[in-house]
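Descriptive structure summary
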Amino acid sequence: MDTKVFLERDIERAAAILRGGGLVGIPTETVYGLGADGLNPVAVRAIFQAKGRPQDNPLILHIPEASWLERYCEDVPDTACRLAERFWPGPLTMVLKCKRRTPEELETLWGGPVCSYTHFGPRVIPDVVTAGLDTVGMRCPAHPLCREIIRLAGVPVAAPSGNTSGKPSPTTARHMLEDMAGKIDAILDGGPCCVGVESTIIDLTCTPPRLLRPGGITLEQLKGVLGEVAVDPAITRLMGEGEQPRAPGMKYRHYAPRAPVTVVKGAPERGAAYIREHLSHTRWDGVICFEEYVPLFMGGDETRPVFSLGPAGDKGEHARRLFDALRAMDNTDVKRVWAQCPDEGGIGLAVANRLNKAAGFHIIEI
Ligand code: AMP
Ligand code: MG
């Protein structure tokens, strides 16, 4: 399959592919997504195939405005309305109860008395999107081209991140082509993503609401609207053998470059000094560090791959550059990656979470 690259002027053609059951790479403010018509189970199944994604890992359903929520969700709590008002469109996914069809609606679809739900399941959203759960992750993205393509397609768009399963998420159309060229119909190029890490996911079907994945909307911002918010333990530590994660996606290896990663946490200056001390003096050790410390790793005749996360104090920039840096490591022949990590305040919690997962929670605290 020849994967077309579309620009803004071609957006109607990209939307037509979605409407027709095809796969389109879609720019969002978080990362590029791999989109399909979320009401078409055949189209959605193709997403799993293109990514090599496990079937029990559900997808997020993207809508162009909050008013579409009630088409797909029921018992929408007041907390969802407050969050939507404050943070949508934006990098926040809310896990809500899936809408079920009434017996009358099912009879109409079925064309007679309902004795089996085989073709038209009781949920409005196909099981392949929700992995058969009674809940669905809903998001209204802020990227204008993203909302426009969904509006033009006229269907909710199911989309995970547009990477091959396990690899770092794509934050440019070029990254996405590296993984998906020949496997999907098209990519709509909307420029580099301005958040750089995937959306925050909050489960609103439990009390108190529970943070399942940190992202562009911070824990502090959520608490500002909701008061109490529980933080799922899988965000900050490795799950034990017998532990079952709350969100299916949490159990999978994620974001990892080929070479093993060691995360170094603590005061930036001491962290950089620690890495410097433990580096081997060859090109086999790559470094991801704050801008200020780049010269520390590039002196003399060393030809070491070093990628900057931006200034130590600019966590927004760390989020924007992180996946690019992890991907860049795969274009080198390093055998080991050392990475500095910001503290966990604000969007630092999301950066630390992705880095820790990339490292399989191999973390050194100094
Ligand atoms: P991705 O965008 O590739 O990171 O994948 C979407 C993420 O959303 C995965 O980690 C899923 O586990 C999570 N997700 C989607 N729907 C639900 C849901 N109903 N309940 C919990 N997590 C969900
Ligand atoms: Mg993903």
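Heads up: these notes are all about the structure in this document.

Criteria and cut-off values
- Residues numbered from 1 in each chain as written.
- Chains lettered and ligands numbered in written order.
- Predicted model: local features only at pLDDT ≥ 70, side-chain atom pairs only at ≥ 80, totals over all residues.
- Heavy atoms only, no water.
- Helix = DSSP H or I, 4+ residues; strand = E, 2+ residues; numbered from the N terminus.
- Rg over C-alpha atoms; globule rule 2.2 N^0.38 Å.
- Buried < 20%, exposed > 50% of the residue type's maximum accessible area, 1.4 Å probe, protein only.
- Contact = heavy atoms within 4.5 Å.
- Areas by Shrake-Rupley, 256 points an atom, 1.4 Å probe, with all protein chains shown as cover.
- Lys, Arg positive; Asp, Glu negative; His and termini not counted.
- Charge placed at Lys NZ, Arg CZ, Asp CG, Glu CD.
- Pairing = 2+ DSSP bridges.
- Axes fitted to C-alpha atoms, helices over the stretch in contact; angles between N-to-C directions.
- Near = heavy atom within 4 Å.
- Polar contact = N/O pair within 3.5 Å; in protein donor to acceptor, adjacent residues only side chain to side chain.
- Nonpolar A, V, L, I, M, F, W, Y, C, P; charged D, E, K, R; others polar.
- Phe/Tyr/Trp six-rings, centres within 6.5 Å; stacked < 30°, edge-to-face > 60°.
- Lys NZ or Arg CZ within 6 Å of the ring centre and 35° of its normal.

**What to know about the overall build of the chain**
Along the chain, the regular secondary structure elements total 13 helices and 16 strands. For the chain, the C-alpha radius of gyration of 21 Å lies close to 21 Å, the compact-globule estimate for 366 residues. Each of the three principal axes of the chain carries a C-alpha extent, and together these read 80 × 50 × 35 Å. Looking at the chain residue by residue over its 366 residues, the buried ones come to 55%. The contacts of the chain with a sequence gap of at least 6 include a subset with a gap of at least 24, amounting to 69%. Summed over its atoms, the accessible surface of the chain is roughly 15,400 Å², and 52% of this surface lies on carbon and sulfur atoms. Each charge sign in the chain was given a centre, from 42 positive and 45 negative side chains, and these centres are 3 Å apart.

**Overview of the sheet that holds strand E13 (residues 285–289)**
Spatial ordering of the open sheet is given by E14-E13-E15-E12-E16, a layout of 5 strands whose pairing is parallel. The open sheet has two edge strands with one neighbour each: strand E14 (306–308) and strand E16 (363–365). Mean inter-strand twist for the sheet, computed between neighbouring axes without regard to direction, equals 20 degrees. Judged from the 3 bridges that link them, E13 and E14 form a sheet pairing that is parallel. From the neighbouring strand, Ile288 faces E14, where its bridge partner is Phe307. Against the sheet, helix H10 (residues 268–278) makes contact with strand E12 (261–265), E13, strand E15 (336–340) and E16, and its axis sits at roughly 165 degrees relative to E15, the strand it touches most.

**Describing the sheet that holds strand E3 (residues 33–37)**
The 11 strands lie next to each other as E1-E8-E2-E3-E7-E4-E6-E5-E9-E10-E11, forming an open sheet whose pairing is mixed. Pairing within the sheet leaves two strands with one partner each, and these edge strands are strand E1 (4–6) and strand E11 (230–231). Direction of pairing for strand E4 (residues 60–62) relative to strand E7 (residues 157–159): antiparallel, over a ladder of 3 bridges. Across the sheet, the residue bridging to His62 is Val157, located in E7.

**Some thoughts on the pairing of strand E5 (residues 92–97)**
It is a general feature of regular strands that their side chains alternate between the two faces of the sheet. Among the 6 residues in E5, 5 count as buried, and that is most of the element. Bridge count for E5 against strand E9 (residues 200–203) is 4 bridges, and the pairing is parallel. Looking across to E9, one finds that Met94 is bridged to Ile202. Bridge analysis of E5 against strand E6 (residues 135–139) gives 5 bridges, and the strand direction is antiparallel. Paired with Met94 across the two strands is Met138, which belongs to E6.

**With respect to the site of ligand 1**
Near ligand 1, the surroundings consist of 18 residues, among which Arg53, Asn57, Thr135, Arg213 and Gly249 are the closest. Arg53 places a polar side-chain atom, nitrogen or oxygen, 3.0 Å from an oxygen atom of ligand 1. Asn57 is positioned such that a nitrogen or oxygen atom in its side chain is 3.0 Å from an oxygen atom of ligand 1. In the complex, 93% of the free accessible area of ligand 1, which totals 490 Å², lies under the protein chains. In terms of residues, the shell around ligand 1 owes the most to one element, E6, which gives 3 residues. Split into classes, the residues belonging to the shell around ligand 1 amount to 11 nonpolar, 5 polar and 2 charged.

**Here's the deal with unusual backbone geometry**
For the bond running from Trp88 to Pro89, omega is -5 degrees, close enough to zero to count as cis. In this structure, Asp75 is a non-glycine residue whose phi angle is positive, near 50 degrees. With respect to the helices and strands, Asp75 occurs in the loop between helix H3 (69–72) and helix H4 (78–87). Unusually for a residue other than glycine, Tyr255 sits at a positive phi of about 60 degrees. Inspection of the secondary structure puts Tyr255 in the loop between E11 and E12. Classification of Tyr255 as buried rests on a relative accessible area of 4%.

**Observations concerning the packing of aromatic side chains**
Applying the stated criterion across every chain, the model contains 2 aromatic pairs. With a centroid separation of 5.4 Å and an interplanar angle of 35 degrees, the aromatic rings of Tyr255 and Phe323 are classed as tilted. Of this pair, Tyr255 sits in the loop between E11 and E12 while Phe323 sits in helix H12 (residues 315–329), and the two are 68 residues apart along the sequence. In this pair, the class of Tyr255 matches that of Phe323, namely buried. Lying across the ring of Trp68, Arg71 places its NZ or CZ 4.0 Å from the centre.

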